[in-house]
Amino acid sequence: MEASFGVYYEKDSVIHKLDPRAKLLFMIVFLVSIFVAKDIFSYLLLILITISSILLSRVPFTLVLKGLKPIFVIVIFTTILNLFWTKGETVLVSLNVIPNFWTLTIYKESLIRAGVLALRIIVLMACTSLYFSYTTTPIELTDGIETGLAPLKKIKVPVHEFAMMMTIALRFIPTLIDETTKIMNAQKARGADFSNGGLVKRAKALIPIIIPLFVSAFRRADELATAMECRCYRGGNGRTRMKVLKMKARDYIFLLITILMIAGVVLLNIYAKGYKI
Amino acid sequence: MSNPLIKLENVTFKYPDSEIKENNFAVNNVSLEINKGEFVAILGHNGSGKSTTAKLINMILTAESGKIFVDGKDITDENMTEDDIFEVRKKIGMVFQNPDNQIVATVVEEDVAFGPENLGLDPKEIRKRVDEALELVNMKEYARHAPHKLSGGQKQRIAIAGTIAMKPQCIIFDESTAMLDPMGRKDVMNTIKRLNKVEGIAIVLITHYMNEAVQADKVIVMKNGSVYLEGTPNQVFSQPQKLWNAGLEVPQSIELIDKLNKELGFDIPLKVYALDECTEIIKNKLMKE
């Protein structure tokens, strides 16, 4: 039971080796690029970047597609919504579903808009999952956030505390899942029924699980805090790290590509006006 | 040895929310000494104040009265600063009962590095210490593993490695073997002994298990918050009646010899014997009869 974050795909590729801070920056820029892109060439550029990233990372395409499953419903929903409920100029299909009452019209512009929107969501999700979960371990990601956002400490943003919280959360998820299973079994042994009855009844059946789980979680938190204090923890001040993130040549090249990407999209926006979609 | 590493003088402590009963002290007028490199076992039934004593030494709790010295420094001094507390905790490491609740990171080596990172050491030095500590507890090959997939004994050895990496002068084990299976307990005990004998780290072992206490240099028995018995394992375990009074058990070999002495009129001296030794003595005695 660890599907939620056990999605790291171990491979020794260039993308895997990239500095997490560089990846973070790339994703932010990529996100902006997607929303700025307006013409066909920009989209082609972004698709090209996504596909070459997947190829370079040596993560199988099928795995990336599988990762897109959860957003499939959203994509279908937005596509249908855009297809039927927006108006355009060129009529593509006109169907008289109920005579004199409701005519289903699909415009060419709506079709394109729906397609582009679906594409945006798919490309964004594929890239995010590739860079953040398949090729980056949770620790690298938290380290990246901590060091990448370190300048924010100057304006009193608790960056270290936030990263520490993330680390501890990741550490305790499997422990608490185990505990939940244990408590559920214990309650089942006492005759609790979690699988029958209406929604309200089932929700009520969860209370005897949640309360012991919380009590135990608080006790664990207390013990962990004591153990951390015993190991000389006193917040981020004066703390060093064993693994220091270091930007290498490949990270700078990657950042250069990132800059070229956004520059390309902006330039195409200005000069390829005729190919707007 | 000039002055002891840890010294308690008439220390008293009461939990603020404890019963209204007067004189209900968790720790009552305790005085004890732990020398550098010494292996001390503290025994006692539940609520006898042994864990509380440990927490007082590590400044998790603050004594009500009495004095505690760590490496010559009075830690009950009112003018103790944050940095002073930091120094004390650097010298005295602590390993707790539940291995799950003391591991911080999602990868074994990151967790071992947690302590040294807090000390603000150089990354290279941290790396060196982490590798050495994992080597010492025989967990080197698990360096990149996720802690939640390890067994209880392995997790506890990781917790020990995390403490060793801080290079303390003394490690307090607060019932660290209580939640482990026999195999895990054996592994952890072997590690503890190695730390004491090879690395010369002083050990304070708080435990319920007599056969663990037998291996110490000195045994302290606590009862109702006070020191009840103190001495070498032989001195302490040769008084089974007193141990029973303190709500404790006696090592099996001693219990057997005590019974044989009483019921068959044997006169075997009450001492801590290894299993083979004990068998041999009883065999000889029976042959003679």
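Keep in mind that what you see is a predicted model, and the values were worked out from it rather than measured. (Residues numbered from 1 in each chain as written. Chains lettered and ligands numbered in written order. Predicted model: local features only at pLDDT ≥ 70, side-chain atom pairs only at ≥ 80, totals over all residues. Heavy atoms only, no water.)

**Section: the overall build of chain A**
(1) Moving on: A tally of regular secondary structure across chain A gives 10 helices and 2 strands.
(2) Moving on: Listed N to C, the secondary structure of chain A is α-α-α-α-α-β-β-α-α-α-α-α in terms of helices and strands.
(3) Moving on: Since a compact globule built from 277 residues should have a radius of gyration of about 19 Å, the 25 Å found for chain A marks it as more spread out than a globular shape.
(4) Moving on: With the principal axes as the frame, chain A shows a C-alpha extent of 70 × 60 × 40 Å.
(5) Moving on: For chain A, buried positions account for 35% of its 277 residues.
(6) Moving on: Put simply, 72% of the contacts in chain A that link residues at least 6 apart link residues at least 24 apart.
(7) Moving on: With the model as given, the accessible surface of chain A reaches about 16,800 Å², and the carbon-plus-sulfur share is 71%. (Helix = DSSP H or I, 4+ residues; strand = E, 2+ residues; numbered from the N terminus. Rg over C-alpha atoms; globule rule 2.2 N^0.38 Å. Buried < 20%, exposed > 50% of the residue type's maximum accessible area, 1.4 Å probe, protein only. Contact = heavy atoms within 4.5 Å. Areas by Shrake-Rupley, 256 points an atom, 1.4 Å probe, with all protein chains shown as cover.)

**What to know about the environment of Asn98(B)**
(1) Moving on: One can find Asn98(B) in the loop between β6 (92–95) and α3 (108–118).
(2) Moving on: Here Asn98(B) falls in the buried class, since its relative accessible area comes to 13%.

**Regarding the state of the cysteines**
(1) Moving on: Throughout the structure, instances matching the rule amount to 0 disulfides over all chains.
(2) Moving on: Of the cysteine sulfurs around Cys170(B), a residue in no disulfide, the closest is that of Cys230(A), at 12 Å.
(3) Moving on: When its relative accessible area of 0% is taken as the criterion, Cys170(B) is described as buried. (Disulfide = S-S within 2.5 Å.)

**With respect to the packing of helix α2 (residues 20–36) of chain A against helix α3 (residues 40–57) of chain A**
Residues and elements named next belong to chain A.
(1) Moving on: Across the interface, α2 lies against α3 with an axial gap of 11 Å and an inter-helix angle of 150°. Relative to α3, the element α2 is oriented roughly antiparallel. Here α2 and α3 pass one another in a crossing that is left-handed. Contacts between α2 and α3 pair Phe26, Phe30, Ser33 and Ile34 from the former with Tyr43, Leu46, Ile49 and Thr50 from the latter.
(2) Moving on: Within the contact of α2 with α3, the residues separate by chemical class into 6 nonpolar, 2 polar and no charged. (Axes fitted to C-alpha atoms, helices over the stretch in contact; angles between N-to-C directions. Parallel < 35°, antiparallel > 145°, perpendicular 65-115°, else oblique. Left-handed = near helix turned anticlockwise from the far one by under 90°. Nonpolar A, V, L, I, M, F, W, Y, C, P; charged D, E, K, R; others polar.)

**Focus on the side chain of Gln156(B)**
Residues and elements named next belong to chain B.
(1) Moving on: Residue placement: Gln156 occurs in helix α5 (residues 152–164).
(2) Moving on: At a separation of 3.1 Å, a polar atom in the side chain of Gln156 contacts the side chain of Gln102.
(3) Moving on: In this view, Gln156 contacts Val95, Phe96, Gln97, Pro99, Gln102, Ser176, Leu180 and Val188; residues no more than four positions away in its chain are not counted. (Polar contact = N/O pair within 3.5 Å; in protein donor to acceptor, adjacent residues only side chain to side chain.)

**Things to note about the sheet that holds strand β1 (residues 6–13) of chain B**
(1) Moving on: One open sheet accounts for 4 strands, arranged β2-β1-β4-β5 (chain B); its pairing is antiparallel. Strands at the two margins of the open sheet, each flanked by one partner only, are β2 (27–34) and β5 (73–74) of chain B. (Pairing = 2+ DSSP bridges.)

**Points about the packing of aromatic side chains**
(1) Moving on: Under the criterion given, the structure shown has 8 aromatic pairs over all chains.
(2) Moving on: A centroid spacing of 4.7 Å and a plane angle of 50° characterise the contact between Phe26(A) and Tyr131(A), whose relative ring orientation is tilted. Remark: Tyr131(A) occurs in helix α6 (residues 108–134) and Phe26(A) occurs in helix α2; sequence separation between them is 105 residues. For the pair shown, Phe26(A) and Tyr131(A) are each scored as buried.
(3) Moving on: Residues Phe84(A) and Trp85(A) carry aromatic rings whose centres are separated by 6.4 Å and whose planes lie at 80° to one another, so their mutual orientation is edge-to-face.
(4) Moving on: What makes Phe84(A) partly exposed here is its relative accessible area of 31%.
(5) Moving on: Exposure remark for Trp85(A): the relative accessible area of 63% places this residue in the exposed category.
(6) Moving on: Aromatic rings pair up to connect Phe26(A), Phe30(A), Tyr131(A) and Phe254(A) into one cluster.
(7) Moving on: Over the ring of Phe86(B) we find Arg234(A), and its NZ or CZ is 3.6 Å from the ring centre.
(8) Moving on: One Lys or Arg, Arg185(B), reaches over the ring of Tyr209(B) and ends 4.0 Å from the middle of that ring. (Phe/Tyr/Trp six-rings, centres within 6.5 Å; stacked < 30°, edge-to-face > 60°. Lys NZ or Arg CZ within 6 Å of the ring centre and 35° of its normal.)

**Notes on the nonpolar core**
Proteins that are soluble and globular tend to have nonpolar side chains buried together.
All names here are of chain B.
(1) Moving on: Residues Leu134, Val221 and Phe237 are the most contacted members of the largest nonpolar core, which totals 53 residues.
(2) Moving on: Setting aside residues up to four positions removed in sequence, Phe237 forms contacts with Leu43, Met210, Ala213, Val214, Val219, Leu243, Pro251, Ile254 and Val272.
(3) Moving on: Counting residues in each nonpolar core, the second largest holds 35 residues, with Val11, Ile57, Ile172 and Ile220 among its members. (Core = buried A, V, L, I, M, F, W, Y, C linked by side-chain atoms within 4.5 Å.)

**Comments concerning the pairing of strand β10 (residues 226–231) of chain B**
Residue and element names in this part refer to chain B.
(1) Moving on: In terms of strand pairing, strand β9 (residues 218–223) meets β10 through 5 bridges, oriented antiparallel. In the strand pairing of β10, Lys223 is matched with Ser226.
(2) Moving on: Hairpin geometry of β9 and β10 is characterised by an intervening segment of 2 residues between the two adjacent antiparallel strands and by a positive phi of about 45° at Asn224.

**Structural notes on the pattern of salt bridges**
For side chains of opposite charge, pairing can occur when their charged atoms come near one another.
(1) Moving on: Under the counting rule described, the total for this entry stands at 31 salt bridges over all chains.
(2) Moving on: Two residues, Glu229(A) and Arg89(B), come together in a salt bridge whose shortest N-O distance is 3.4 Å. With Glu229(A) in helix α9 (residues 199–230) and Arg89(B) in helix α2 (residues 82–91), this residue pair bridges two chains.
(3) Moving on: For Lys128(B), the salt bridge is made with Glu125(B), and the minimal N-O distance between the two is 3.9 Å. Within this pair, Lys128(B) and its partner Glu125(B) are both found in helix α4 (residues 123–136), separated by 3 residues, close to a single helical turn. (Salt bridge = Lys/Arg side-chain N within 4 Å of Asp/Glu carboxyl O.)

**Looking at the confidence of the model for chain B**
Residue and element names in this part refer to chain B.
(1) Moving on: Here chain B shows a mean pLDDT of 88. Residues at 70 or above account for 97%.
(2) Moving on: When mean pLDDT is compared element by element in chain B, strand β7 (residues 170–174) scores highest at 95, while helix α11 (residues 275–288) scores lowest at 83.
(3) Moving on: Model confidence for the complex: the whole-complex pTM is 0.81, and ipTM, which rates the interface, is 0.87. (pLDDT = per-residue confidence, 0-100.)

**Here we look at the interface of chain B and chain A**
(1) Moving on: Taken residue by residue, the interface counts 40 residues in chain B and 29 residues in chain A.
(2) Moving on: Taken over both partners, the interface formed by chain B and chain A buries close to 3,200 Å², and the fraction arising from carbon and sulfur atoms is 55%.
(3) Moving on: Considering only the side of chain B, the residues that lose the most area to chain A are Asn101(B), Val104(B) and Glu117(B), jointly responsible for 20% of the buried surface there.
(4) Moving on: Where Arg241(A) meets Glu110(B), a salt bridge forms, and the shortest distance between an N and an O atom there is 3.7 Å.
(5) Moving on: Counting the contacts that link chain B with chain A gives 18 residue pairs in polar contact (both at pLDDT 80 or more).
(6) Moving on: Elements represented by at least two residues in the side of chain B that touches chain A include exactly α2, α3 and α4 of chain B.
(7) Moving on: Ranked by residues supplied to the side of chain B that touches chain A, first place goes to α3(B) with 10 residues. (Buried area = accessible area lost by both parts, 1.4 Å probe.)

**Re the environment of Lys128(B)**
(1) Moving on: Residue Lys128(B) is classed as partly exposed on the basis of its relative accessible area of 45%.
(2) Moving on: Each C-alpha atom, one on Lys128(B) and one on Ala113(B), is 9.9 Å from the other, the two residues being 15 residues apart in sequence.

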